[in-house]
2 protein chains.
Amino acid sequence: MAASKSPDRDKQSHCNFDVDYVIAYDIPAKESAEAEAAFTQLIEALSAVGFATEVRPGRTASSLLVFVKLASPSLLKSQIYRARVQDWLFGVRPSAPAPSDSSNDTAATTTTSKTDAVNRYFAEEEPVTEAERLRLAYELITRPRNEGGAGVTPKRGQWRFVASVFPLHDRAFNRAWISAWSRKYYLDESDIGNIRDRFGERVAFYFAFLQSYFLFLVFPAAFGFAAWLLLGPFSWVYAVVNCLWAVVFFEHWKMKEVDLAVQWGVRGVGRIQLPRSQFQFDREGIDPVTGEVVKVYSPYKRLQMQLLQGPFALACVVVLGGLIFSCFSIEVFINEVYNGPFKQYLTFLPTILLTILNPTLTTLLTRLAEKLTELENYRTHDAHQASFVQKIFVINFITSYLGIFLTAFVYVPFGKVLVPYLDVFHLTVQRFTAEGQSLPTKAWEINPNRLTKQVIYFTVTAQVVNLATEFIVPFAKRKVFRTVERVQTGLSEKSAGGATAATTATNPQRRPDEPEEAEFLERAREEAELDEYDVTIDYREMVVQFGYLSLFSVVWPLTACSFLVNNWVEARSDAMKIASNSKRPIPWRADSIGPWLDALGFLSWLGSLISAALVFLFKNGTASPSGSPWDIRAWALLLAVLFAEHLYMLVQLIVRGVVQKLDSPGLQKERSERYAIRKRLLEKMVEWDVSAAETHGPGVTGGEKITRTALEEEARKLSVVGEGRPEQLFWQRQRGADETIQVGRALIAETAANKTEGKH
Amino acid sequence: MAASKSPDRDKQSHCNFDVDYVIAYDIPAKESAEAEAAFTQLIEALSAVGFATEVRPGRTASSLLVFVKLASPSLLKSQIYRARVQDWLFGVRPSAPAPSDSSNDTAATTTTSKTDAVNRYFAEEEPVTEAERLRLAYELITRPRNEGGAGVTPKRGQWRFVASVFPLHDRAFNRAWISAWSRKYYLDESDIGNIRDRFGERVAFYFAFLQSYFLFLVFPAAFGFAAWLLLGPFSWVYAVVNCLWAVVFFEHWKMKEVDLAVQWGVRGVGRIQLPRSQFQFDREGIDPVTGEVVKVYSPYKRLQMQLLQGPFALACVVVLGGLIFSCFSIEVFINEVYNGPFKQYLTFLPTILLTILNPTLTTLLTRLAEKLTELENYRTHDAHQASFVQKIFVINFITSYLGIFLTAFVYVPFGKVLVPYLDVFHLTVQRFTAEGQSLPTKAWEINPNRLTKQVIYFTVTAQVVNLATEFIVPFAKRKVFRTVERVQTGLSEKSAGGATAATTATNPQRRPDEPEEAEFLERAREEAELDEYDVTIDYREMVVQFGYLSLFSVVWPLTACSFLVNNWVEARSDAMKIASNSKRPIPWRADSIGPWLDALGFLSWLGSLISAALVFLFKNGTASPSGSPWDIRAWALLLAVLFAEHLYMLVQLIVRGVVQKLDSPGLQKERSERYAIRKRLLEKMVEWDVSAAETHGPGVTGGEKITRTALEEEARKLSVVGEGRPEQLFWQRQRGADETIQVGRALIAETAANKTEGKH
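Keep in mind that this is a model prediction, so the values were computed, not measured. (Residues numbered from 1 in each chain as written. Chains lettered and ligands numbered in written order. Predicted model: local features only at pLDDT ≥ 70, side-chain atom pairs only at ≥ 80, totals over all residues. Heavy atoms only, no water.)

1. Re the overall build of chain A
Looking only at helices and strands, chain A has 24 helices and six strands in total. Scored against the burial criterion, the 760 residues of chain A give a buried share of 48%. By sequence separation, contacts in chain A at least 24 residues apart represent 78% of the contacts at least 6 residues apart. Carbon and sulfur atoms form 61% of the exposed surface of chain A, whose accessible area is close to 36600 Å². (Helix = DSSP H or I, 4+ residues; strand = E, 2+ residues; numbered from the N terminus. Buried < 20%, exposed > 50% of the residue type's maximum accessible area, 1.4 Å probe, protein only. Contact = heavy atoms within 4.5 Å. Areas by Shrake-Rupley, 256 points an atom, 1.4 Å probe, with all protein chains shown as cover.)

Right, dumping it as structure tokens:
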């Protein structure tokens, strides 16, 4: 039997049993009665909106897995049709999703023939992707009941036992995906398209951005390498080219983003706002325009909360800035001033402090940012996300760049002035050593390589460490966790004098799975324990990286080379992360990279200022020859910065103008779609013109041969008799075009005659 | 007879005999044969597209007036319907202009019933404004023949004898309009709405902008007055408030513009591009998307021409800048250095030079700008206009602001250094006076009031002069011209022994008009001689004025008070200009103030820099106490400017964010329209859901009471026998929601039982 089953098993390992979503359901020991009641409600709610359900035990004894699928194909179709009509109404699609023109004539035709037309439509005209099906299924599960959904909100309120709702990975696809990507240098549109079909546009946009950025990096990598060989660091030529590149990249991406959105048919989906179920409302008001009941939250209350962003940013600066500044000072003191005992150990002190405190503080601040954003109580998911991204950008800006800023703009120019104040440490240290004994210190000199070293650390070492952490840590964590669990279970089994097989290791009391399902269920249980994939983290990493390039690469022109290599690996490791280290993401749509675009623009703009300042300060080795800050010509520095910034803005204006004039496949597609609709409708309008032409009325053609005098005489007679209004008389003088022509020619002839007479 | 006619006449003087357009037709003496042939073609072309025509003699013997009207109401309706459908297709209207839902079912119903529905539609749902009718009539006259128009292009090619095509003024409306406006302080929305209905959105946008600007001026006028009393000139408080105001005004107008466009139903008409008939094409290509034949002009050729904008701007700077600089130098020399003979006359020399040369050079450069824009050969009217506006903005920027810039940033800070070089004049003058005799000069001091005087001149005197010129000159010109003409005709009549009446004064050989028409024709002849109204000139004036306020009002805080008064008059005088000094404008549509918006934004931004610099330089009386430029702390100046600019950008960002969140009547209208469509369509979709629910298929409801074991046993049997695919088996284990609930509850109970057992 085992032998006959193995090919079946191979097939099964790729098969998800048509499951759309898995709902992981927790049963806390203390609340099992409530959990049972809620479970009944869950299944009822799901089946009420049309889901078929199956329940199976989870990995641990206190969890269940509910498998759901859309029960009938026609339900799916009606959902898709509804969603597409909504898209059209919000301007996302150029035309209504009508199978053919005949479906407009709904009144007469029967429902059956309509269904036929719809079937044809889905089969031929616009096939349904997996991402679309999964998205709609998820929306059906989570949409509030009064809007026709099951109203399931994981982890909250009535549904607090629902741990997560997730789709299952398509293992066959994932395997093919990873193996294909690891064997090609260059990801093309079809690769991104595949991602879009499986994981939705939100994830696809990340990979599209990553790929676009990767390709664009080739230029600064090549130019940077040449600059490194020929120009050396702090070259203004490199700075100008780098800024120019940043502008072109930014503007290109803005266009590319629109282009992709059009190609993917998601342009403007930002307008279809997903409401946040966590939104708290003050009162229910009535929309003056639509007359619908809307949930109202006072904007002033929100503004009050938003104003907390100021103190929050300040707190970030103080906390993280304080940490970085302290470590920086200790490091400078130990490395460059201190010369006493334990120096070889003390050197690591700041690094250790940073490594321990920085992630801790960052995590704390990120939680604070989450709380704050929660308190701001946005109605829509997008607004919430944008506000949150803004806050974590502040945190990341400080942790990533403040160290280098300190070196470049405080340590080097003001070092001679400030370092003596590091005597604070001196005194502190002295207190711990033998009293009266003078601490051995070196004569201090500004270390000109410090800046370069720091930039290299952040752009090479930190990137590699980051990559490794991101990929290895969750994997290792899971392995360790699994091992610990197994050991514990083994112990408890031993204590219970266990005998059951290894397959039921984690849930000893559980009945064994059906053999046909065993592997599938095992997979589902594994996936239920994976983390959720958060694309924000990946975007953050790339934006921070772009910041290093834009702000500091003038210090070390090889920066882009390092990033080029890093990002090739990054794309693959992110794919791996999605495929094996995360739950399959819910395929949300998106029409852009969202709030990160602003962050990119900001960094690109700041790059022009910082690069100019760096070039100005460091061009000749160090900031000021004598090491005193007062030797720097402040007006020249400011002029350089001012000039660089305005040059940047001017270039941006020009590049924007040029980019706007370029054509792109997406825009062409949009144009052709619009054109097709226009053409169809204008053709329909021809009959109008025909019917209109029939009733053109008098005065257009015809008219007998007449002389002007005769005609005017006739009209005069009419007026004397008193017939007709003046308007009628006016327009009856010349009946038809021919008469007008005759009269006109007569007038012209008269003129000519007069002229000739005049000459005589 | 005269007595009985007078009431008739009164009525007639308001009556335009239903004329839509008047075509002024010239007959040059040398080409009267060609003119005659072209006249025939003209009448034929017009009547072919459905115009009724009447011809009458013009004012002079060598001109004709052709009166045209749309021959039938149904032609008008079909034109309007076509235009509205086009609007819908381009996204200008939210819904198709369908009279009711019944018109969608076109296939079955007859043409007659459709016409009825359309009649109802025009009468009730969307009445046709005069502006809409006139615009469509004009388009029908000028549209190329292959697109269904008459293809008449005034003054060019085949139609070079067509001097102009213009609608007639509605005297009654004009009289009411002017008298209403001169009696009210504040123009409300209905006033602007009337303008829109008569003269189209392009003109209405100008008045809406003017009114909005006027209202916004109240604040800086009040604040400026207070600042003038309390703070004095060069107050940084005033500068900050003024910049803030400029930002708020600019952002508000951007929103208002969109709002008005939506309210007027013209949002997005910019997308419906009017092709320029002057466009020259290289070749005819085929559009890859639509497959239509399109006219192609090489963008590289155009770019070459566009690059000439650089030299053009340079030429403007050199020519106008040179003139202004020379006059400036002469003025300084004469007023402040020279002390010799004829000083009282020589003082006027620079003013005379400027008054003569400045308009001449400006006119020349404007012609050059026209030529250049013509050479750039744009395909659409909007692109052409935008490029032209850009160029005249450069010219106006220099003529308006360069003088003040010279005083503020050259004369005052560098005066002590530069004035000695004015000895060039000294020497020149000396050559003309007795040799060896030393020219009497004063000891020179920087005149600190110079800047203030200059600003007051530009913001008060120049505005008044401008207003007077604009209004009086064309009136006077026309009067003088008429008198001269009359005198000439009188002479020629005398020489011919003239006897005919005064009414035929200008065209003695002309037969007298029909008495019913005489007055009407006289009016038409008068209007044919008026200038065309160009809204660009009025915009330019306002934008330049805004520039003075934004850039220099910190010098003299009363600036806004002067502008407030000026603009009250301006609105009325512009109305007068349209009503009596210009041909009635063709009622074009527009969805914004177009390229002037960019100019406003630029001036507002530049204002932040210039104000900061002015405050910094002049705060303490003069720029530098000793008069030497080297005493100015350049870094502090640059820092002030840099700070001001970034503060400006930050404020702009915030204001933009706030303004975007505001609701406005236009946006509400748009929302409610969209909502209405959405609601209608979603209601239609309900039947879909019903039909879908019927076919939900198995697995949703039902199921008998069963035990989990029995069920699983059953399934196992199925699998042993080999029936069904694994997917089927999986989903058949729990038949329906009830079974899932039962199984789930059993599992939960088991868990609870295990837990309890474990505890024992």
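2. Remarks on the environment of A48(A)
With respect to the element layout, A48(A) can be found in helix α2 (residues 32–48). Along the primary structure A48(A) and A408(A) are separated by 360 residues, whereas in three dimensions their C-alpha atoms are 64 Å apart.

3. As for the nonpolar core
Among the nonpolar cores identified, the biggest contains 104 residues, and W177(A) and F552(A) are the most heavily contacted of them. If one sorts the elements of this core by residue count, helix α7 (residues 189–230) of chain A sits on top with 16 residues. Those residues in contact with W177(A) that sit more than four places away from it in its chain are I195(A), F199(A), F207(A), A575(A), I578(A) and A579(A). Ranked by size, the runner-up nonpolar core spans 103 residues in total, among them A261(B), L365(B), I578(B) and L597(B). (Core = buried A, V, L, I, M, F, W, Y, C linked by side-chain atoms within 4.5 Å.)

4. Details of the confidence of the model for chain A
Residue and element names in this part refer to chain A. Confidence in the prediction of chain A, expressed as mean pLDDT, is 79, and 79% of residues score 70 or more. With pLDDT under 50 throughout, residues 100–111 is counted as low confidence; its partners more than four residues away or in other chains account for seven contacts. Low pLDDT, under 50, characterises residues 623–627; the stretch is placed with 11 contacts to residues that sit more than four places away or in other chains. Both scores are given for the predicted complex: the pTM is 0.81, the ipTM 0.76. (pLDDT = per-residue confidence, 0-100.)

5. Focus on the sheet that holds strand β1 (residues 21–26) of chain A
Residue and element names in this part refer to chain A. Reading across the sheet, the four strands line up as β2-β3-β1-β4 and stay open at both edges, with antiparallel pairing between neighbours. Two strands in the sheet have a free side with no partner beyond their single neighbour: β2 (51–57) and β4 (162–166). Each strand of the sheet is rotated relative to its neighbour by a mean of 20°, with strand direction disregarded. Note: β1 against strand β3 (residues 63–70), six bridges, orientation antiparallel. Pairing of I23 across the sheet is with V66, part of β3. Strand contacts of helix α5 (residues 130–142): β1, β2, β3 and β4, with the helix running at about 35° to β1, the strand carrying the most contacts. Here helix α16 (residues 515–528) sits on the sheet and contacts β2, β3 and β4; the angle it forms with β3, its principal contact strand, is near 105°. (Pairing = 2+ DSSP bridges. Axes fitted to C-alpha atoms, helices over the stretch in contact; angles between N-to-C directions.)

6. Points about a nonpolar patch on the surface
All names here are of chain A. The grouping of F225, W228, L229, L230, L231, W236, V237 and V240 at the surface amounts to a nonpolar patch, some 820 Å² of accessible area in total. At the level of elements, α7 and α8 (236–263) are the ones that each hand at least two residues to the nonpolar patch. Here the element with the most residues in the nonpolar patch is α7; it accounts for four residues. Along the chain, L231 turns up in the loop between α7 and α8. Assessed through its relative accessible area of 38%, L231 is described here as partly exposed. (Patch = residues over 30% accessible without salt bridge, like charges linked within 9 Å, V, L, I, M, F, W, Y side chains within 5 Å. Salt bridge = Lys/Arg side-chain N within 4 Å of Asp/Glu carboxyl O.)

7. Concerning the sheet that holds strand β1 (residues 21–26) of chain B
Residues and elements named next belong to chain B. Read across the open sheet, the four strands follow the order β2-β3-β1-β4; overall the sheet is antiparallel. The open sheet has two edge strands, β2 (51–57) and β4 (162–166), and neither has a second partner. Geometrically, the sheet is characterised by an average inter-axis angle of 20° between neighbouring strands, direction not taken into account. Looking at chain direction, β1 and β4 are connected through four bridges and run antiparallel. Opposite A24, over in β4, you have S164 as the bridge partner. Packed onto the sheet, helix α5 (residues 130–142) meets β1, β2, β3 (63–70) and β4 and runs at close to 35° relative to β1.

8. Re the side chain of T153(A)
With respect to the helices, strands and loops of the structure, T153(A) is situated in the loop between α5 and β4. Contact partners of T153(A), with chain neighbours within four places excluded, come to W159(A) and S277(A).

9. Some remarks on the environment of M542(A)
Residues and elements named next belong to chain A. Structurally, M542 can be placed in helix α17 (residues 535–552). Relative accessible area serves as the criterion here: at 1%, M542 is assigned to the buried category. Taking the C-alpha atoms as reference points, M542 and G666, 124 residues apart in sequence, are found 25 Å from one another. Discounting residues that sit within four places of it in the chain, M542 has contacts with Y206, F209, L210, Y213, N567 and E570.

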